[in-house]
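# Summary of structural features
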Amino acid sequence: PQGISSVVFTVIMRDAIPLQRMQPLLGRRSIAMNVSLMISALALGAWLEWAPFPLNYQLMYVVEFAFQLLSVRECMAVRVERPSVQEKPGGFAASLLLPWKSPSFRKVALVAALLHIALLAVNAIIPLHLVETLRASEGFVALYSIIELGAAALISVFAARIAARIGTRNMIALGVFLTAVAMFILAIAPNPAFALIGAALTGTGWTLAAMIGMFAYLLECVPSEKMSEYSPVYHQVIGLSMFAAPFIGSALAESDLSLASVLMFGALLRVVTAPIIAFGGRVQRMVMAPRPI
């Protein structure tokens, strides 16, 4: 269900929102998401500590279900005026192969795969490094997450301006580079407090690259009438990348390398990925004005 909803939500976003208003809207959406995560993490964390088990978890799931129903209601309220989607010749298999015939979409898919592999390859090692190497407490790990979410919410205010100045694809590369710097800081951090700088840079870079930049890049390069065909394949690329990437960090963590060395490898991987995303072949937009004859 989550995969289906991701695909459909992408199509609705492209059909319901004018492209020129997409970047500011994605920034506001990111602010709302990160602030909501901060509030819910603090509130539910306190509730789970205060209320007796298992009542604390039971009521938490009931509240979550209620908010999911509110989300369904809001999504159903979106009205999009567009012709009904016709079944393409060749059926389902042909519709999955069609996007790969587009050079522009292949570039988008490459950027998406590189981005998620670079960000997620050793991301799961960070909490392990904080606890085992830096001897951070659970309270500090919570503080680390709050600072990360706060930085993400703050940079969302300026994301549209950054994209307008340097371009969406360059903003993705900038975000990846900032996460590389964050990973390097975590690897050399002498104490947990120093690692909080990495938390702020991680939230900033992750938001610019993945939460806003990649989504906006897809919407810029795929016209509205093609989104229902391209969105499933796009999410398949992301899903496969998210599945495969953590195996890299797991293999390194089980080797003789220290956790700091594994984080250094992650930083190097992101440093290499950033210029590839920025300069590895410019994508010609699929939405173009007709040339004069």
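Quick caveat: nothing in here was measured; it's all calculated off a predicted structure. (Residues numbered from 1 in each chain as written. Predicted model: local features only at pLDDT ≥ 70, side-chain atom pairs only at ≥ 80, totals over all residues. Heavy atoms only, no water.)

Along the backbone of the chain there are twelve helices and zero strands. When the elements of the chain are put in sequence order from the N terminus, they spell out α-α-α-α-α-α-α-α-α-α-α-α. Taking 19 Å as the expected radius of gyration for a compact globule of 293 residues, we find that the chain reaches 21 Å, a close match to that expectation. Each principal axis of the C-alpha distribution contributes one length, and for the chain these read about 65 × 45 × 35 Å. Taking all 293 residues of the chain together, the buried fraction comes to 38%. (Helix = DSSP H or I, 4+ residues; strand = E, 2+ residues; numbered from the N terminus. Rg over C-alpha atoms; globule rule 2.2 N^0.38 Å. Buried < 20%, exposed > 50% of the residue type's maximum accessible area, 1.4 Å probe, protein only.)

Let us now look at the confidence of the model for the chain. For the chain, the average pLDDT comes to 84, and 90% of its residues sit at 70 or higher. Per-element confidence in the chain ranges from a low mean pLDDT of 59 for helix α4 (residues 91-97) to a high of 95 for helix α9 (residues 168-188). Counting interchain partners and residues more than four positions distant, the pLDDT-below-50 stretch residues 283-293 has 16 contacts. (pLDDT = per-residue confidence, 0-100. Contact = heavy atoms within 4.5 Å.)

What follows concerns the pattern of salt bridges. Within the structure shown, the criterion is met by one salt bridge. A salt bridge links Glu74 to Arg73; the shortest N-O distance between them is 2.9 Å. We classify Arg73 as exposed; its relative accessible area is 54%. (Salt bridge = Lys/Arg side-chain N within 4 Å of Asp/Glu carboxyl O.)

Pairs of aromatic rings are described using the distance from one ring centre to the other and the angle between the two planes. By the definition in use, this model includes six aromatic pairs. With centroids separated by 5.4 Å and ring planes inclined at 70°, the aromatic side chains of Phe243 and Phe247 adopt a geometry described as edge-to-face. With Phe243 and Phe247 both in helix α11 (residues 227-253), this residue pair falls four residues apart, about one helical turn. Like Phe247, Phe243 is exposed. Joined through ring pairs, the aromatic side chains of Phe53, Tyr57 and Tyr61 make up one cluster. (Phe/Tyr/Trp six-rings, centres within 6.5 Å; stacked < 30°, edge-to-face > 60°.)

Working note: α-helix, 3.6 residues per turn, so residues spaced by three or four point in the same direction. Under the 1.5 Å per step criterion, the end-to-end length of helix α5 (residues 103-120) is 26 Å for 18 residues, consistent within 8% with the ideal 26 Å. Three or more residues of α5 are buried, namely Ser104, Phe105, Val108, Ala109, Val111, Ala112, Ala113, Leu115, His116, Ala118, Leu119 and Leu120. (Expected span 1.5 Å × (residues − 1).)

On to the nonpolar core. Of all hydrophobic cores here, the largest spans 41 residues; its most connected members are Leu115, Ile172, Met214 and Tyr234. Secondary-structure elements contributing two or more residues to this core are α1 (2-16), α2 (22-50), α5, α8 (159-166), α9, α10 (192-221), α11 and α12 (259-279). Among the elements that make up this core, the one with the highest residue count is α10 (eleven residues). In contact with Met214, other than residues within four places in its own chain, are Val108, Val111, Ala112, Leu115, Ile172, Ala209 and Tyr234. Phe140, Leu196, Leu252 and Leu259 belong to the second largest nonpolar core, which has 21 residues in total. (Core = buried A, V, L, I, M, F, W, Y, C linked by side-chain atoms within 4.5 Å.)

A grouping of Phe184, Ile188, Phe194, Ile197 and Met264 is seen on the molecular surface, where their side chains present a nonpolar patch of about 410 Å² in accessible area. When contributions to the nonpolar patch are tallied by element, the ones reaching two or more residues are α9 and α10. Its place among the elements puts Ile188 in helix α9. (Patch = residues over 30% accessible without salt bridge, like charges linked within 9 Å, V, L, I, M, F, W, Y side chains within 5 Å. Areas by Shrake-Rupley, 256 points an atom, 1.4 Å probe, with all protein chains shown as cover.)

Between α1 and α10, the shortest axis-to-axis distance is 11 Å and the interhelical angle comes to 60°. The orientation of α1 with respect to α10, classified from their angle, is oblique. Judged by the twist between their axes, the crossing of α1 over α10 is right-handed. Taken together, the residues of α10 that come into contact with α1 (itself represented by Thr10, Met13 and Arg14) are Phe215, Leu218 and Leu219. Across the contact of α1 with α10, the residue classes break down as four nonpolar, one polar and one charged. (Axes fitted to C-alpha atoms, helices over the stretch in contact; angles between N-to-C directions. Parallel < 35°, antiparallel > 145°, perpendicular 65-115°, else oblique. Left-handed = near helix turned anticlockwise from the far one by under 90°. Nonpolar A, V, L, I, M, F, W, Y, C, P; charged D, E, K, R; others polar.)

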